[in-house]
Amino acid sequence: MSDKTSNAEGGARYQRLLLTGAGGGLGKVLRPRLAAFAATVRVSDLAAALAGAENTAPHEEVQPCDLADRAAVDALVAGCDAIVHLGGVSVERPFEEILEANIKGVFHIYEAARRHGVKRVIFASSNHVTGFYRQDQVIDSHDLRRPDGYYGLSKSYGEDMAQLYFDRYGIQTVSIRIGNSFPTAKDRRALACWLSYDDLTELLRCSLFTPQVGHTVVYGMSDNNGVWWNNRHAAHLGFVARDSSEPFRAAVEAQPLPAADDPVRLYQGGMFTVTGPFEPQ
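These numbers come from a predicted model, not from an experiment.

Across its full length, the chain carries nine helices and ten strands. Radius of gyration (C-alpha) of the chain: 18 Å, near the 19 Å computed for a compact globule of 281 residues. With the C-alpha coordinates of the chain rotated into their principal frame, the extents come out at 60 × 50 × 40 Å. Relative to its full complement of 281 residues, the chain shows a buried share of 50%. Of the roughly 12700 Å² of accessible surface on the chain, a fraction of 52% belongs to carbon and sulfur atoms. Here the chain carries 28 positive and 33 negative side-chain charges, and the mean point of each set is 4 Å from the other.

The subject of this paragraph is the packing of aromatic side chains. Tallied over the full model, the rule gives ten aromatic pairs. Taking the centre distance of 5.5 Å and the plane angle of 50° together, the rings of Tyr110 and Tyr165 count as tilted. Residue Tyr110 is found in helix 4 (residues 95-116), and its partner Tyr165 is found in helix 5 (residues 150-169); the two are separated by 55 residues along the sequence. Judged by its relative accessible area of 0%, Tyr110 is buried. By relative accessible area, which is 4% here, Tyr165 ends up buried.

Here we take up the pairing of strand 3 (residues 38-44). When you tally the buried positions in strand 3, you get six out of seven residues, the bulk of the element. Relative to strand 3, strand 2 (residues 12-20) is paired through six bridges, and the arrangement is parallel. Residue Tyr14 lies in a different strand from strand 3, and its bridge partner there is Ala38. A crossover connection joins strand 2 to the parallel strand 3 through helix 1 (residues 25-33); in handedness this β-α-β unit is right-handed. Sheet analysis places strand 3 next to strand 4 (residues 60-62), joined by three bridges and oriented parallel. Looking at strand 4, one finds that Arg42 is bridged to Glu61.

Criteria and cut-off values
- Residues numbered from 1 in each chain as written.
- Predicted model: local features only at pLDDT ≥ 70, side-chain atom pairs only at ≥ 80, totals over all residues.
- Heavy atoms only, no water.
- Helix = DSSP H or I, 4+ residues; strand = E, 2+ residues; numbered from the N terminus.
- Rg over C-alpha atoms; globule rule 2.2 N^0.38 Å.
- Buried < 20%, exposed > 50% of the residue type's maximum accessible area, 1.4 Å probe, protein only.
- Areas by Shrake-Rupley, 256 points an atom, 1.4 Å probe, with all protein chains shown as cover.
- Lys, Arg positive; Asp, Glu negative; His and termini not counted.
- Charge placed at Lys NZ, Arg CZ, Asp CG, Glu CD.
- Phe/Tyr/Trp six-rings, centres within 6.5 Å; stacked < 30°, edge-to-face > 60°.
- Pairing = 2+ DSSP bridges.
- Right-handed = clockwise from strand over helix to strand, strands pointing away.

Below you can see the structure in the form of structure tokens.
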């Protein structure tokens, strides 16, 4: 049986889609939106993160899971047709914390996908994979990765995992280097890399249903002015952003201008480039 059916509007849908990191900021936003893409959405996070989430919708299955637990992740993926992998530590933290969720966790996700025949993964990578480029540079996904910390390093590792599992096992992945995805663009850095929730949802739709993606890396950004990233190597996804950070520009530019050598003004990764080191406790 195919892993996709048609929805009432005639579009493709998966039978069961897994969303990890469902208790996080973007996970909470995407939970109701993913109903358009699958008959059933299995939502997962650490039990504590899910405890504070909204009530379970009719289209959802809730299955708490620690990404560092290989057996639990294997059970989580069983029966799913595609994965939207948002789970993991989402800020710069000591390496030991990053290791468990972001490095072991992404390995467990891909191994489970291999074992259970999942052929499409959407991996929440990050702009921090290339955070040490300057803000006066424009780069694309073929440029050298320059992670700005352990978090960015873990996302770079995840992209390599995605490439390996495509080359060896045929699991197709779209790695989305998410920019600044919040309700508004709050500072100058965000003006360049802001990603609206609606544009993120559309990018997910394109990533889930474009027939052949291999391993595609795409920067997640809205149609902003003065962007740092060129998505020419992801044009086959057909993603067209509809929103822009321009409505927030006046309020942002009324803020004091950071010093010329301030990382938030100098580097694409902003403060991530100077967060740490983290001394052992």
